[in-house]
Amino acid sequence: MPKSQVRKKKIYTPPTDVMPTATAAEKRPSPIWLPITAVSLIVFGIAWLVIYYLSSTEYPVQGWGYWNLAVGFGAMVTALGLLSKWR
């Protein structure tokens, strides 16, 4: 049986006039406060929820009721948003 021919493909090179260029401002590392703030918000959110559950919904703020859950999870979601900007 005859051997099939191998097709030779050209190596793709993207056009240089279409490629986006990254500026120096986009490549800068994140400020030091960003990860510190994010980790602090995570710890704060977890501590808020633990206190809420261990105190049988009396603390940290009794009048807020289930909104205490929103505060705890909101702090953690905010930290997630900050960490998405971290380089």
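Residues numbered from 1 in each chain as written. Predicted model: local features only at pLDDT ≥ 70, side-chain atom pairs only at ≥ 80, totals over all residues. Heavy atoms only, no water.

Asker: Describe the environment of Lys3, listing the residues and the values that go with them.
Answerer: Along the chain, the position of Lys3 falls in the segment before helix H1 (33-54). Along the primary structure Lys3 and Val50 are separated by 47 residues, whereas in three dimensions their C-alpha atoms are 70 Å apart. (Helix = DSSP H or I, 4+ residues; strand = E, 2+ residues; numbered from the N terminus.)

Asker: Could you give an account of the environment of Gly45, naming the residues involved and the relevant values?
Answerer: Tracing the chain through its elements places Gly45 in helix H1. Overall, the relative accessible area of 0% leaves Gly45 in the buried class. When the C-alpha positions of Gly45 and Ala75 are compared, they lie 5.2 Å apart, and in sequence the two are 30 residues distant. Excluding anything up to four places from it in sequence, Gly45 contacts Gly72, Ala75 and Met76. (Buried < 20%, exposed > 50% of the residue type's maximum accessible area, 1.4 Å probe, protein only. Contact = heavy atoms within 4.5 Å.)

Asker: Quick one: what's the story with a nonpolar patch on the surface, residue by residue and with numbers?
Answerer: Taken together, the side chains of Ile32, Trp33 and Ile36 present a nonpolar region at the surface, about 370 Å² in accessible area. If you trace the backbone, Trp33 turns up in helix H1. (Patch = residues over 30% accessible without salt bridge, like charges linked within 9 Å, V, L, I, M, F, W, Y side chains within 5 Å. Areas by Shrake-Rupley, 256 points an atom, 1.4 Å probe, with all protein chains shown as cover. Salt bridge = Lys/Arg side-chain N within 4 Å of Asp/Glu carboxyl O.)

Asker: Could you give an account of the packing of aromatic side chains, naming the residues involved and the relevant values?
Answerer: As enumerated under the stated definition, the model contains 3 aromatic pairs in all. Ring centres 5.5 Å apart and planes at 70 degrees place the aromatic pair Tyr52 and Tyr53 in the edge-to-face group. Take Tyr52: its relative accessible area is 2%, and that puts it in the buried class. Joined through ring pairs, the aromatic side chains of Phe44, Trp48 and Trp64 make up one cluster. (Phe/Tyr/Trp six-rings, centres within 6.5 Å; stacked < 30°, edge-to-face > 60°.)

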